[in-house]
Amino acid sequence: MIGGGPAGLSFARSLADTELEILVVERSSLDQLAEPAQDGREIALTHRSTEILKNLGVWSRIPPDEISPIRKAEVLDGDSSYSLSFDRSSLTVDALGYLISNHLIRKALCEEVETAANIELLTGVTVTNLSTNPSGAAVVLSNGETVEASLVVAADSRFSDARRKMGIPASMHDFSRVAVVCRMKHDLPHDGTAFECFHYERTLAVLPMSGQRSSIVITAPTHAAAEIMGMSEQTFNIDVQQRFRNRFGQMILEGKRYAYPLVAVYADRFVATRFALVGDAAVGMHPVTAHGFNLGLRGQATLASEIKTALTLGKDIAGASVLNNYQSKHQRVTRPLYLATNAIVGLFTNDAPPIKLVRKLVLRLGNSFPPVKRMVTQGLAETDTQWSLFRSLLPRPH
Ligand SMILES: Cc1cc2nc3c(=O)[nH]c(=O)nc-3n(C[C@H](O)[C@H](O)[C@H](O)COP(=O)(O)OP(=O)(O)OC[C@H]3O[C@@H](n4cnc5c(N)ncnc54)[C@H](O)[C@@H]3O)c2cc1C
């Protein structure tokens, strides 16, 4: 396994109950893995992801007061106060999804992996060379060691070096925008509501955290993001408060602001001879639809399940059917969402007058057709099979 981020550790943990010996090679130190620093990312998890994390023993390691339910979502466009809203009334669950800090997910995954007898964490090391052939794989490490393996799985980020080393091309879409993320506390309660405000020139997401605090995600053109990062705390507080139309009263920055350049990535193939990509290395999403880690979790679970089936049948864990099944299942799930997310970003970051009109129309149509709204809600929460119906309305993979 190359990369001990959230996707890589989830995948390793998914195979903890097999007879396989798993080596996780991670560039960061063991301290950084075991006690990850806050990185400003608050991850919105669907019910499917919650189930996966529960099955992996990770959910119970996250302090309950750090799990924030998202009960309602409101989408606002431009200067209008009209909103497209989704709530859990069409669902049988208590929330649309849950918000958890990325560093807490990573910490819990690391704790879980450290308890597994068949998983070894090799930290502070990178891969200098990688080669595979039909009978095996060899991974040369920066510490001079060479590791032989039956299968190499890479989850080494959207800019995956392993993907390049294996000669797998990827489509990359640089949005020329940056996401500035931080936490803010505020005077008024959020009542579990997540807001996505597609203002002109920049977008503002305000996501409910425990207490009277929210996670703030501002996406802006790169030049404006530099200005946002450089603002004094006081100016920043007033700026966000005003852009959010004082809905929560006074807002105050808690901790640091973090900036992430927005680049979406889709690998041309997810597999090669004795090799597979999972997590962002396979599909790196724009964060606006909060699918990235949800898809990473789902993909690793798909690959782990194919491997377990092969083990039960006494077959090669890196056989063509294992890898091809994983690839086709994961492409079917991810391709439509990837294309739809990029289309949404395109629509809601284009301020040309005719597009502004389309944006308003989309929101009103969404509110006026209860079946569509119900399907989107179930899709957001990943609770129901109707999601596959919603997916079938989206562009097909090619
Ligand atoms: C602002 C923001 C908000 C987000 N919000 C959400 C959300 O609400 N919901 C959601 O589902 N997703 C969200 N995401 C996406 C989510 O954070 C990613 O999908 C997730 O972190 C991907 O995990 P990963 O393990 O694939 O990759 P990464 O997190 O990038 O981890 C890769 C790991 O590989 C290691 N590595 C890299 N290169 C090497 C090498 N050569 N050798 C060894 N190790 C290596 C790195 O050190 C790292 O530990 C958000 C992302 C951002 C930026």
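Worth saying up front: this structure is predicted, and the values here are computed from it rather than measured. (Residues numbered from 1 in each chain as written. Predicted model: local features only at pLDDT ≥ 70, side-chain atom pairs only at ≥ 80, totals over all residues.)

**Student:** Would you take a moment to explain the overall build of the protein for this structure?
**Tutor:** Helix and strand content of the protein: 12 helices and 19 strands. Of all intrachain contacts in the protein linking residues separated by at least 6 positions in sequence, the fraction that spans at least 24 positions is 73%. (Helix = DSSP H or I, 4+ residues; strand = E, 2+ residues; numbered from the N terminus. Contact = placed C-beta atoms within 7 Å.)

**Student:** What is the right way to look at the site of the ligand in this model?
**Tutor:** Around the ligand there are 35 residues in total, and Gly-3, Gly-5, Gly-279, Gly-292 and Phe-293 lie nearest to it. Of all the secondary-structure elements, those providing two or more residues to the shell around the ligand are helix 1 (6-14), strand 1 (22-26), strand 2 (42-45), strand 12 (170-186) and helix 8 (292-312). Ranked by residues supplied to the shell around the ligand, first place goes to helix 8 with four residues. (Near = placed C-beta within 6 Å.)

**Student:** Would you mind showing me how to read the sheet that holds strand 6 (residues 97-101) here?
**Tutor:** What holds strands together in a sheet is hydrogen bonding between their backbones, with the strands either parallel or antiparallel. Spatial ordering of the open sheet is given by 2-6-3, a layout of three strands whose pairing is antiparallel. Looking along the sheet, the strands with just one partner apiece sit at the ends: strand 2 and strand 3 (68-70). On average, adjacent strands in this sheet sit at an angle of 30° to one another, irrespective of strand direction. Where strand 3 lies against strand 6, three bridges are found, and the strand directions are antiparallel. Along strand 6, the bridge assignment pairs Ser-68 with Leu-99. (Pairing = 2+ DSSP bridges. Axes fitted to C-alpha atoms, helices over the stretch in contact; angles between N-to-C directions.)

**Student:** What am I meant to see in unusual backbone geometry here?
**Tutor:** Excluding glycine, most residues fall at negative phi; most peptide bonds, likewise, are trans. At Asn-246, a position not held by glycine, the phi torsion is positive, near 55°. With respect to the element layout, Asn-246 can be found in the loop between helix 7 (233-243) and strand 16 (251-267). A positive phi angle, close to 50°, is found at Arg-274, a residue other than glycine. Overall, the presence of 23 C-beta atoms within 10 Å leaves Arg-274 in the buried class. (Buried ≥ 20, exposed ≤ 12 C-beta atoms within 10 Å, placed from the backbone.)

**Student:** Could you clarify how one ought to interpret the packing of helix 1 against helix 4 (residues 102-114) in this entry?
**Tutor:** A pair of packed helices is characterised by two quantities: the angle between their axes and the separation of those axes. Close contact between helix 1 and helix 4 brings their axes to 9 Å; oriented N to C, the two are set at 30°. Classed by the angle they form, the pair helix 1 and helix 4 counts as roughly parallel. Judged by the sense of rotation from one axis to the other, the crossing of helix 1 with helix 4 is left-handed. The segment helix 1 lies against helix 4, with Pro-6, Leu-9, Ser-10, Ala-12 and Arg-13 engaging Ile-105, Arg-106, Leu-109, Cys-110, Glu-112 and Val-113. (Parallel < 35°, antiparallel > 145°, perpendicular 65-115°, else oblique. Left-handed = near helix turned anticlockwise from the far one by under 90°.)

**Student:** Is there a simple way to think about the pairing of strand 16 in this case?
**Tutor:** Regular strands place side chains that alternate from one sheet face to the opposite one. Summarising the sheet, strand 12 and strand 16 pair through 13 bridges and their orientation is antiparallel. Within the sheet, the bridge partner assigned to Lys-185 lies in strand 16 and is Ile-252. With two bridges joining them, strand 16 and strand 19 (residues 283-284) adopt antiparallel strand pairing. The residue bridging Tyr-266 from the neighbouring strand is Val-283, located in strand 19.

**Student:** In this structure, what is going on with the pairing of strand 14 (residues 203-209)? I would like to understand it.
**Tutor:** In terms of residue burial, strand 14 counts as a mostly covered element, since seven of its seven residues are buried. A two-sided burial pattern is seen for strand 14, the buried positions comprising Thr-203, Ala-205, Leu-207 and Met-209 on one face and Leu-204, Val-206 and Pro-208 on the other. In this sheet, strand 15 (residues 213-221) lies alongside strand 14 in antiparallel orientation, the contact comprising seven bridges. Of the residues in strand 15, the one forming a bridge with Ala-205 is Val-217. Following strand 14, the chain reverses through three residues before pairing antiparallel with strand 15; Gly-211 in that reversal takes a positive phi of roughly 75°.

**Student:** How should the confidence of the model for the protein be read in this particular structure?
**Tutor:** Low pLDDT marks stretches whose predicted atomic positions should not be read closely. Predicted confidence across the protein gives a mean pLDDT of 88, with 83% of residues reaching 70 or more. Note on residues 384-398: pLDDT is under 50 here. Beyond four places in sequence and across chains, it has 20 contacts. (pLDDT = per-residue confidence, 0-100.)

**Student:** I keep staring at the sheet that holds strand 9 (residues 136-141) and nothing clicks. Help me out?
**Tutor:** Taken together, three strands build an open sheet; the order of strands is 8-9-10 and the sheet is antiparallel. At either margin of the open sheet sits one strand with a lone partner, and together these are strand 8 (127-133) and strand 10 (146-149). Sheet twist, expressed as the average angle between the axes of neighbouring strands with direction ignored, equals 15°. Sheet topology places strand 8 next to strand 9; six bridges connect them, and they run antiparallel. Of the residues in strand 9, the one forming a bridge with Ser-131 is Ala-138.

**Student:** Just to check I follow, could you spell out the packing of helix 1 against helix 8 for this structure?
**Tutor:** Put simply, helix 1 and helix 8 touch, their axes get as near as 9 Å, and they point 30° apart. Here helix 8 runs roughly parallel to helix 1, going by the angle between their axes. Considering only the axes of helix 1 and helix 8, their crossing is right-handed. Contacts between helix 1 and helix 8 involve Pro-6, Ala-7, Ser-10, Phe-11 and Ser-14 from the first element and Phe-293, Gly-296, Leu-297, Gln-300, Ala-301, Leu-303 and Ala-304 from the second. Of the residues contributing to the contact of helix 1 with helix 8, the split by class is eight nonpolar, four polar and no charged. (Nonpolar A, V, L, I, M, F, W, Y, C, P; charged D, E, K, R; others polar.)

**Student:** What am I meant to see in the nonpolar core here?
**Tutor:** The tendency in soluble globular proteins is for nonpolar side chains to be buried as a group. Core analysis: the largest hydrophobic core is formed by 98 residues, its most contacted members being Phe-11, Ala-12, Ile-70, Val-153, Ala-276 and Val-278. With seven residues, the single largest contributor to this core is helix 8. Not counting residues up to four positions away in its chain, the partners in contact with Phe-11 are Met-1, Val-153, Ala-155, Val-278, Gln-300, Leu-303 and Ala-304. (Core = buried A, V, L, I, M, F, W, Y, C linked by C-beta atoms within 7 Å.)

**Student:** It is not clear to me how helix 1 should be interpreted in this structure. Could you clarify?
**Tutor:** Every α-helix winds through 3.6 residues per turn, so residues three or four apart in the chain are directed the same way. The buried fraction of helix 1 is high, at nine of nine residues. Within helix 1 the residues assigned to the buried category are Pro-6, Ala-7, Gly-8, Leu-9, Ser-10, Phe-11, Ala-12, Arg-13 and Ser-14. Packed against the buried residues of helix 1 are strand 1, helix 4, strand 7 (119-123), strand 11 (152-154) and helix 8.

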